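Given next are the chains, with one letter for each unit.
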Amino acid sequence: MRVVDLRSDTVTLPTAEMLDAMRSAPLGDDAYGEDPTVNSLEELAAKKMGKEAALLTTSGTQANLVSILSQTKRGEEVILEMYAHAYCYEAGALSAFGGLIPRLVKAQRGIITPGDIAASLRPVNLHFPPTSLVCIENTHNLAGGTVWTLAQTKAVCDFAHERGLRVHLDGARIFNAAIALNMDVAQLTREADSMMFCLSKGLSAPIGSLAVGGREFVDTARRYRMMLGGGMRQAGVIAAAGIVAIERMVDRLRDDHANAKLLGKGLSSIEGIIIDPEVETNIVVCDVSGLGVSGEEWVKKLGESGVKIGALDGSKVRMVTHRGIEEDDIHYTISVAEQTAKALRHHHGPF
Ligand SMILES: Cc1ncc(COP(=O)(O)O)c(C=O)c1O
């Protein structure tokens, strides 16, 4: 059976160029700072993001965690959007390991405003946990790959800084945002005190993310990475693929965005499916309640025809385009969705 895997851009496999680079990378013990390939990747990442230094981590979750731990103390409060990955999908690490209290903000398209922060801040009072950090996410995964513009980022960062708060940017897919906005990625990261991005998603590397920021921040993050068991040895084999990812795989994200838009357009013409929000990058979120099924049921039905997608809350489902998806796969997915919707209408009668 034909399989179209739209569950995530993390299913991408390394390119032949990455595998070659991994095989021939100069290596050393990174715990001694002696892996030249890791050092090159960290320098490259810092330069790309316009920051002083960077740290290779095992995953995006670890990069977020070391970034958050490095800028907070136990008992403090962290402001996050209520569907932030760091809150919803990272196993509660910030509370479990950081002793931190999430202060959640519900925001349209996942984009927090200065007003949201103002409303979450509490007066200085013996009874309240002090707030120290704001986490933002660009692109916002669960909201549907939505993009924070430069103005939106700057507004939140400026406001947070005026109030003495630091800002961490979860930029797992920050290159998707930069491509969508047609701008240099460093502009989008400039205002944040720290940021992280993933090599292992649309950029197709097999493993790895980077925590990026000032030198002092990265020194602290390196200690936390060690505590979390993320200190690696000849990690150049990972870093080698990461360098290829940054240098060669960014521009092609345009193709993923075009495919996602095509998918969104095709699905929106099916009665009972609502695309929400508009497709901006490589993530398509739609609501299938108009078909009389739950998200889980819709996922199962498409799976029977080899189209793999993911369920979100209730009646929403998520599809993610990536290097393994061609335009033809999008046409196939749309036709499977049309037929499945037709069969449901036949079964349930008109809604
Ligand atoms: C926005 C966002 N942040 C962080 C992560 C975590 O990355 P990882 O899966 O490498 O831990 C993800 C992964 O999907 C993500 O989408």
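The structure reproduced in this document is the subject of the present report. (Residues numbered from 1 in each chain as written. Predicted model: local features only at pLDDT ≥ 70, side-chain atom pairs only at ≥ 80, totals over all residues. Heavy atoms only, no water.)

1. A few points about the pattern of salt bridges
Think of it this way: side chains of opposite charge can pair up when their charged atoms draw near.
Thinking step 1. For the coordinates displayed, the defined rule picks out 16 salt bridges.
Thinking step 2. Two residues, Glu17 and Arg248, come together in a salt bridge whose shortest N-O distance is 3.5 Å. Of the two residues, Glu17 is situated in helix α1 (residues 16-24) and Arg248 in helix α12 (residues 236-248); the sequence distance between them amounts to 231 residues.
Thinking step 3. A salt bridge links Asp30 to Arg225, with the nearest nitrogen and oxygen atoms 3.4 Å apart. Highlighted residues: Asp30 in the loop between α1 and α2 (36-48) and Arg225 in helix α11 (residues 215-227), separated in sequence by 195 residues.
Thinking step 4. Residue Arg225 is classed as buried on the basis of its relative accessible area of 5%. (Salt bridge = Lys/Arg side-chain N within 4 Å of Asp/Glu carboxyl O. Helix = DSSP H or I, 4+ residues; strand = E, 2+ residues; numbered from the N terminus. Buried < 20%, exposed > 50% of the residue type's maximum accessible area, 1.4 Å probe, protein only.)

2. Quick word on unusual backbone geometry
Thinking step 1. Backbone torsion omega between Asn138 and Thr139 reads -5°, so that peptide bond is classified as cis.
Thinking step 2. The topology assignment puts Thr139 in the loop between β5 (131-137) and α7 (141-144).
Thinking step 3. Cis rather than trans, the peptide bond between Asp276 and Pro277 has omega equal to 0°.
Thinking step 4. Among the secondary structure elements, Pro277 is positioned in the loop between β9 (274-275) and β10 (283-287).
Thinking step 5. One non-glycine residue, Arg109, lies in the positive phi region at around 55°.
Thinking step 6. Mapped onto the elements of the fold, Arg109 is located in the loop between β4 (101-105) and α6 (114-120).

3. Comments concerning the site of the ligand
Thinking step 1. Around the ligand, the structure places 13 residues, and the nearest of them are Gly60, Thr61, Asn141, Asp170 and Arg173.
Thinking step 2. With respect to the ligand, the side chain of Arg173 contributes an N or O atom lying 2.9 Å from an oxygen atom.
Thinking step 3. Alone, the ligand offers 390 Å² of accessible surface; in the complex the protein occludes 85% of this.
Thinking step 4. Considering every element that reaches the shell around the ligand, the biggest residue donor is helix α3 (residues 60-69), with three residues.
Thinking step 5. Classifying every residue of the shell around the ligand by side-chain character gives two nonpolar, six polar and five charged. (Near = heavy atom within 4 Å. Polar contact = N/O pair within 3.5 Å; in protein donor to acceptor, adjacent residues only side chain to side chain. Areas by Shrake-Rupley, 256 points an atom, 1.4 Å probe, with all protein chains shown as cover. Nonpolar A, V, L, I, M, F, W, Y, C, P; charged D, E, K, R; others polar.)

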